[in-house]
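The lines below spell out each chain.
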Amino acid sequence: MKNLIEIKNLNKKYPVKSEFSGRSKDFIYAVNDVSLTVKEGEILGLVGESGCGKSTFLKLLLRFYPVQSGSVRLYGRELNEYSLMQLRNMITYVPQESYLFEGTIRENIEYGWNKAGSPDMDMIVRAAKQAYADEFISELPDGYDTRLTAGGMNLSGGQRQRIAIARAMLKDSPVILMDEPSSALDTHSENVFLKALDSPMKDKTVIMVSHRMTGVERFDRVVRL
């Protein structure tokens, strides 16, 4: 497998304000001198204690933050050589708390579509099945036409997350970044969801942040920050 992501001496620091003046006096590192290579098709687990920089690391790859020092290359090119649209079409991001919009479940999954035209129903259902969301959606009175309130608050946390993961599956980008994607799932649902690593993601490069070591056997490699 060839290298897909190459990270060298990556840093991200935040100013710390003085207790007395309120002015920036010093800095604290969220990501400190990280070097890492991720191969194409690899499923990488990223673990570490709270506050060690795991989420910040993912956001640096998405250019939510600028790279202050060090280098991040994707397909051999520096991140800033891509437009934001190019970069984010190549990367799917599943945050720890995904937001759902007011509208139907189908519309919420469709938000992941980044190609011309619109996805057909078969594609939406396939994405939901990959996220293990189709079963509970099909049991709802209106199925995929079930209307959600803002934030999807008429669903459980685990159901909301599975719809967000279905959205990511529909996008079908070569790189997937997941920040604690199963944090809102119970143990059974988490085990079911982790099966998604076995098939639909087999041809993708995945970096998954986790506090827990559940499903570690499905990672090709685990890196601790």
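Above this text sits the structure in question.
What counts, and at which threshold
- Residues numbered from 1 in each chain as written.
- Predicted model: local features only at pLDDT ≥ 70, side-chain atom pairs only at ≥ 80, totals over all residues.
- Heavy atoms only, no water.
- Helix = DSSP H or I, 4+ residues; strand = E, 2+ residues; numbered from the N terminus.
- Buried < 20%, exposed > 50% of the residue type's maximum accessible area, 1.4 Å probe, protein only.
- Contact = heavy atoms within 4.5 Å.
- 1 Å grid on protein atoms, 1.4 Å probe; cavity = no way out; pocket = protein on both sides within 12 Å on 5 of 7 lines; lining within 4 Å.
- Points joined across faces, edges and corners; volume = space filled by probe spheres on them.
- Salt bridge = Lys/Arg side-chain N within 4 Å of Asp/Glu carboxyl O.
- Pairing = 2+ DSSP bridges.
- Axes fitted to C-alpha atoms, helices over the stretch in contact; angles between N-to-C directions.
- Expected span 1.5 Å × (residues − 1).
- Parallel < 35°, antiparallel > 145°, perpendicular 65-115°, else oblique.
- Left-handed = near helix turned anticlockwise from the far one by under 90°.
- Nonpolar A, V, L, I, M, F, W, Y, C, P; charged D, E, K, R; others polar.
- Patch = residues over 30% accessible without salt bridge, like charges linked within 9 Å, V, L, I, M, F, W, Y side chains within 5 Å.
- Areas by Shrake-Rupley, 256 points an atom, 1.4 Å probe, with all protein chains shown as cover.

**So, the overall build of the protein chain**
From N to C terminus, the protein chain includes seven helices and 11 strands. Counting over 225 residues, the protein chain shows a buried share of 47%. Pairs at least 24 apart in sequence give 69% of the contacts found in the protein chain among residues at least 6 apart.

**What about the layout of surface pockets?**
Of the volumes computed, that of the largest pocket is approximately 280 Å³. If you go around the largest pocket, you meet 13 residues; those closest to its centre are Thr-92, Tyr-93, Tyr-111, Gly-112 and Arg-167. Elements with a contribution of two residues or more to the lining of the largest pocket: strand E6 (91-94) and helix H6 (157-171). The computed volume of the second largest pocket comes to approximately 180 Å³. Forming the boundary of the second largest pocket are 12 residues, of which Arg-126, Gln-130, Met-169, Leu-170 and Asp-172 lie nearest the centre.

**Overview of empty space enclosed by the protein**
Gaps between atoms show up when a probe of the same size as a water molecule is rolled over them. Under the definition given, this model contains two cavities of 30 Å³ or more. Size it by volume and the second largest cavity reaches roughly 40 Å³. Contributing to the lining of the second largest cavity are Ile-5, Leu-61, Val-72, Leu-74, Leu-79 and Ile-91.

**Things to note about the pattern of salt bridges**
Scanning all chains against the criterion turns up five salt bridges. The partner of Arg-221 in a salt bridge is Glu-42, with the nearest N and O atoms 2.7 Å apart. With Arg-221 in strand E11 (residues 221-224) and Glu-42 in the loop between strand E2 (24-39) and strand E3 (43-47), the pair connects residues that are 179 residues apart, well separated along the chain. For Arg-221, a relative accessible area of 29% puts it in the partly exposed group. Residue classification places Glu-42 among the buried residues on the basis of a relative accessible area of 5%. Among the ionic pairs, Glu-78 bridges to Arg-73, the shortest N-O distance being 3.3 Å. Judged by relative accessible area, which is 22%, Glu-78 ranks as partly exposed. Given the relative accessible area of 30%, Arg-73 is considered partly exposed.

**Overview of the sheet that holds E3**
Taken in spatial order, the five strands line up as E6-E9-E10-E3-E11 in an open sheet, and their pairing is parallel. Only two strands of the sheet have a single neighbouring strand rather than two, namely E6 and E11. Neighbour to neighbour, the strand axes of the sheet diverge by 15° on average, direction disregarded. The pairing of strand E9 (residues 175-179) with strand E10 (residues 205-210) spans five bridges and is classified as parallel. Directly across from Met-178, in E10, lies its bridge partner Met-208. Contacting E6 and E9, H6 runs over the sheet at an angle of about 180° to E6.

**Thoughts on H6**
Here H6 is 15 residues long and its end C-alpha atoms lie 22 Å apart, about the 21 Å a rise of 1.5 Å per residue gives. For H6, the buried fraction is high: 13 of the 15 residues fall into the buried class. Directly beyond the C-terminal end of H6, a positive phi value near 60° is found at Asp-172.

**Points about the packing of helix H4 (residues 121-130) against H6**
Look at H4 against H6: their axes get within 8 Å of each other, and the N-to-C directions meet at 125°. Regarding the angle of H4 to H6, the classification is oblique. Taken as a pair, H4 and H6 cross one another with a handedness that is right-handed. Contacts between H4 and H6 pair Met-123, Ile-124, Ala-127, Ala-128 and Gln-130 from the former with Ala-166, Met-169 and Leu-170 from the latter. Considering only residue class, the contact of H4 with H6 consists of seven nonpolar, one polar and no charged.

**Looking at a nonpolar patch on the surface**
Among the surface-exposed residues, Tyr-99, Phe-101 and Tyr-111 lie close enough to one another that they form a single nonpolar patch of about 340 Å² accessible area. Here Phe-101 lies in the loop between E6 and strand E7 (103-104). Relative accessible area serves as the criterion here: at 38%, Phe-101 is assigned to the partly exposed category.

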